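Breakdown of the fold
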Amino acid sequence: MADKDAPSLNGVLDQMEHLSGGEDRQITVEEIIDCLGKHSFASTILAFSLISTSPASGIPGITAFVALVVMFLVVQMIVGRDSLWLPGFIMRRDIAAKKLREGVSWLRKPVGFVDRFLHERSTYLLHRPWVYLPLFMVLALTLFMPFMEVIPTSGSIASAMIAIFAAGYLMRDGRVVILSMVMMSLLPIGVAWFLMGR
């Protein structure tokens, strides 16, 4: 379930930027996964959640699609798979290379800032049985994300929370994982407040 030879957060962006470089074309999900590695659950979750947090989130349906991808990956982490798998209809989906490059460029500064504060600590939280709690919280969040597209920016906020979890898991930073859990637990309150105020 752990990522093998996991890169830094900027390393994930570097891989995505390299993939999207050159000619303008459509990049499939399968290409992104092959680039990040089929054992890199956290890197892949981080990559897709960052896409949904970036300006690329303006693409119609991207929040629901990212939620579907993350859901499949988290379920496989829960059951303990060593290599990730996604159904063909997801692997064949694509995104314009230009959109991916723009998203990576936009994310450079915030990701670079966060990357400096991540380091290995409280790693016991990333092992069973403790790791099941954040995984199930992410899973629950992905089930609600498609409905959050009706609330402005809420999908991007949810994706950012998942990205924080993935970053903490990738960099073996248990305290960041706890931070993501606190934020995910507060999200329903924020959504309810928004709906009641309308």
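None of the values given here were measured: they were computed from a predicted structure.

Another aspect to go through is unusual backbone geometry. Geometrically, the link from R128 to P129 is a cis peptide bond, its omega value of 5° lying close to zero. Tracing the backbone shows P129 in the loop between α6 (97-115) and α7 (132-144). Positive phi values are uncommon outside glycine, yet S122 reaches one of about 45°. Inspection of the secondary structure puts S122 in the loop between α6 and α7.

Moving on: the packing of helix α3 (residues 41-53) against helix α8 (residues 154-170). Packed helix pairs are characterised by how far apart their axes lie and by the angle those axes make with each other. Packing of α3 against α8 leaves a shortest axis separation of 8 Å and a crossing angle of 155°. Considering the angle they form, α3 stands roughly antiparallel to α8. The element α3 and its partner α8 pack so that their crossing is left-handed. Note on element contacts: α8 touches α3 through G155, S156, S159, A160, I162, A163, A166, A167, Y169 and L170, opposite A42, S43, I45, L46, S49, L50, S52 and T53. Residue composition of the contact of α3 with α8, by class: eleven nonpolar, seven polar and no charged.

Moving on, we come to the packing of helix α1 (residues 9-20) against α6. Here α1 crosses α6 at 165°, and the two axes come no closer than 9 Å. In this view, α1 runs roughly antiparallel relative to α6, as classed from their interaxial angle. Note that α1 runs across α6; the crossing there is left-handed. Across the interface between the two elements, L9, N10, L13, D14, M16, E17 and S20 of α1 pack against A97, L100, R101, V104, L107, R108, V111, G112, V114 and D115 of α6.

The next thing to look at is α8. Between its terminal C-alpha atoms α8 stretches 24 Å, which fits the 24 Å expected from 17 residues at 1.5 Å a residue. Taking burial as the measure, the 17 residues of α8 include 13 buried ones, the bulk of the element. Immediately downstream of α8, the backbone of R172 shows phi near 60°, a positive value.

Under the criterion given, the structure shown has three aromatic pairs. On the numbers, 6.0 Å between centres and 45° between planes, the contact of F165 with Y169 is tilted. Separated by four residues within a single helix, F165 and Y169 lie in helix α8, roughly one turn from each other. Grouping residues by exposure puts F165 and Y169 together as buried. Here the basic side chain of R93 rests over the ring of F65, its NZ or CZ set 4.5 Å away from the ring centre.

This part is about the environment of L50. Within the fold, L50 resides in helix α3. Relative accessible area serves as the criterion here: at 8%, L50 is assigned to the buried category. In the structure, L50 is positioned 33 residues away from E17 in sequence and 13 Å away in space, judged by C-alpha atoms. Apart from the residues within four sequence positions on either side, L50 is in contact with L13, L107, V111 and A163.

What counts, and where the lines are drawn
- Residues numbered from 1 in each chain as written.
- Predicted model: local features only at pLDDT ≥ 70, side-chain atom pairs only at ≥ 80, totals over all residues.
- Heavy atoms only, no water.
- Helix = DSSP H or I, 4+ residues; strand = E, 2+ residues; numbered from the N terminus.
- Axes fitted to C-alpha atoms, helices over the stretch in contact; angles between N-to-C directions.
- Parallel < 35°, antiparallel > 145°, perpendicular 65-115°, else oblique.
- Left-handed = near helix turned anticlockwise from the far one by under 90°.
- Contact = heavy atoms within 4.5 Å.
- Nonpolar A, V, L, I, M, F, W, Y, C, P; charged D, E, K, R; others polar.
- Expected span 1.5 Å × (residues − 1).
- Buried < 20%, exposed > 50% of the residue type's maximum accessible area, 1.4 Å probe, protein only.
- Phe/Tyr/Trp six-rings, centres within 6.5 Å; stacked < 30°, edge-to-face > 60°.
- Lys NZ or Arg CZ within 6 Å of the ring centre and 35° of its normal.

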